[in-house]
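So you can see what is in the structure, the chains are spelled out below.
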Amino acid sequence: MSKPNRTTEEAFIKVLQRHGIDTAFGIIGSALMPVTDLFPAAGITFWDCGHENSAGMMADGFTRASGKISMLVGQKGPGIANFVTPVKVAYWNHTPLLLITAQAANMTIGQGGFQEVPQMAMFEDMVAYQEEVRHPVRMAEVLNRVILQAKRASAPAQINIPRDFWTQVIDIELPPIIEFERPAGGEEAIARAAELLSNAQFPVILNGGGVVLGGAI
């Protein structure tokens with residue numbers, strides 16, 4: 001049985017849909033236009049913001065309020081650099097976000113081309129996981145893995161994509177999605193906590209950010 005043919009941007013969109021990701025924030029640039037052009041037909045809402053920094057803060061707030069992972073989209077180089085502050089904020093907020101960073105064309109990486117910056121190094125200490133697509137046929141596989149890591153770590157995760165990997169026809173099957181259930185706490189720990197509260201004269205519960213996130217994500 002042959003694998004279905006599809007373009008890399010079609011495969012990218014299919015993975016987003018399977019994960020239920022339908023909201024993006026940022027500023028569209030030429031390096032991502034092949035895939036962002038498909039957003040309307042795919043039911044993905046794109047919020048075109050005045051600045052990437054504002055877009056990142058909006059994505060953080062949207063995901064924290066809705067419990068749904070959102071995307072950050074920007075032009076390579078200076079556009080992506082404007083996401084640094086909000087991505088770091090989301091990292092400390094434990095907010096799962098999908099950071100999509102377009103890169104220079106694969107055969108020109110490292111040659112100091114137009115708007116080329118070391119985007120993986122830029123975000124390495126503020127994302128839970130990052131990976132660069134090394135071949136068009138791996139587009140869906142890498143995206144799926146990055147999204148799963150964002151969910152598991154409850155933090156931003158980055159996919160870096162050379163701009164010439166779009167509009168490529170690939171022969172693949174979409175990767176499986178392996179979901180997991182977040183634990184509610186061990187029985188012994190819950191019983192111990194209940195005992196402490198029951199026997200306390202002046203019980204006080206100090207909730208951290210995880211309790212807030214637990215109700216939405």
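Keep in mind that this is a model prediction, so the values were computed, not measured.

Peer 1: Describe the sheet that holds strand E4 (residues 70-74), with residues and values.
Peer 2: Pairing within the open sheet is parallel, and its 6 strands lie in the order E3-E2-E4-E5-E7-E6. What marks the edges here is a single partner per strand, and that holds for strand E3 (45-48) and strand E6 (129-132). Strand-to-strand twist in this sheet, taken as the mean axis angle between neighbours without regard to direction, amounts to 20 degrees. One ladder, built from 6 bridges, connects strand E5 (residues 97-103) with strand E7 (residues 157-162); its direction is parallel. If you follow Leu-98 over to E7, its bridge partner there is Ala-157. Against the sheet, helix H8 (residues 139-153) makes contact with E5, E6 and E7, and its axis sits at roughly 160 degrees relative to E7, the strand it touches most.

Peer 1: So what's going on with unusual backbone geometry? Residues and values would help.
Peer 2: We note that His-94 has phi near 60 degrees; this positive angle belongs to a residue other than glycine. For His-94, the position within the fold is in the loop between helix H6 (84-92) and E5. Accessibility expressed as a relative area gives 43% for His-94, which makes it partly exposed. Positive phi, normally seen in glycine, also occurs at Thr-167, with a value near 60 degrees. The residue Thr-167 is located in the loop between E7 and strand E8 (169-171) in this model.

Peer 1: I'd like to hear about the environment of Pro-86, residue by residue, with values.
Peer 2: Mapped onto the elements of the fold, Pro-86 is located in helix H6. Assessed through its relative accessible area of 1%, Pro-86 is described here as buried. What Pro-86 contacts, discounting residues up to four positions off in sequence, is Glu-52, Asn-53, Gly-56 and Met-57.

Peer 1: Give a description of the packing of helix H4 (residues 52-66) against H6 that names residues and reports values.
Peer 2: The interhelical angle for the contact between H4 and H6, taken along N-to-C directions, is 20 degrees, at an axis separation of 7 Å. When the axis of H4 is compared with that of H6, the two are roughly parallel. Relative to H6, H4 is oriented so that their crossing is right-handed. Where H4 abuts H6, its residues Glu-52, Asn-53, Gly-56, Met-57 and Asp-60 lie against Thr-85, Pro-86, Val-89 and Ala-90.

Peer 1: Which residues make up the nonpolar core, and what values do they have?
Peer 2: Ranked by size, the top nonpolar core spans 35 residues in total, and within it Phe-12, Leu-16, Met-71, Leu-98, Ile-100 and Ile-159 carry the most contacts. Taken together, the elements giving at least two residues each to this core come down to helix H1 (8-18), helix H3 (39-42), E4, E5, H8 and E7. Of all the elements, H8 adds the most residues to this core, at 7 residues. One finds Cys-49, Ala-90, Met-126 and Val-127 within the second-largest nonpolar core, a separate group that totals 14 residues.

Peer 1: Tell me what's going on with H6, and back it up with residues and numbers.
Peer 2: Those residues of H6 that sit buried are Pro-86, Val-87 and Ala-90. Here the buried residues of H6 occupy an arc of 100 degrees about the axis, which is enough to place them on one side. Looking one or two places after H6, you find His-94, whose phi comes out positive at around 60 degrees.

Peer 1: So, the packing of aromatic side chains: which residues are in play, and what are the values?
Peer 2: Scanning the model with the defined rule gives 4 aromatic pairs in all. When the centroid spacing of 5.4 Å and the interplanar angle of 75 degrees are considered together, the rings of Tyr-91 and Trp-92 count as edge-to-face. Residue Trp-92 is classed as exposed on the basis of its relative accessible area, which comes to 57%.

Cut-offs applied
Residues numbered from 1 in each chain as written. Predicted model: local features only at pLDDT ≥ 70, side-chain atom pairs only at ≥ 80, totals over all residues. Heavy atoms only, no water. Pairing = 2+ DSSP bridges. Helix = DSSP H or I, 4+ residues; strand = E, 2+ residues; numbered from the N terminus. Axes fitted to C-alpha atoms, helices over the stretch in contact; angles between N-to-C directions. Contact = heavy atoms within 4.5 Å. Buried < 20%, exposed > 50% of the residue type's maximum accessible area, 1.4 Å probe, protein only. Parallel < 35°, antiparallel > 145°, perpendicular 65-115°, else oblique. Left-handed = near helix turned anticlockwise from the far one by under 90°. Core = buried A, V, L, I, M, F, W, Y, C linked by side-chain atoms within 4.5 Å. Arc of directions from axis to C-beta. Phe/Tyr/Trp six-rings, centres within 6.5 Å; stacked < 30°, edge-to-face > 60°.

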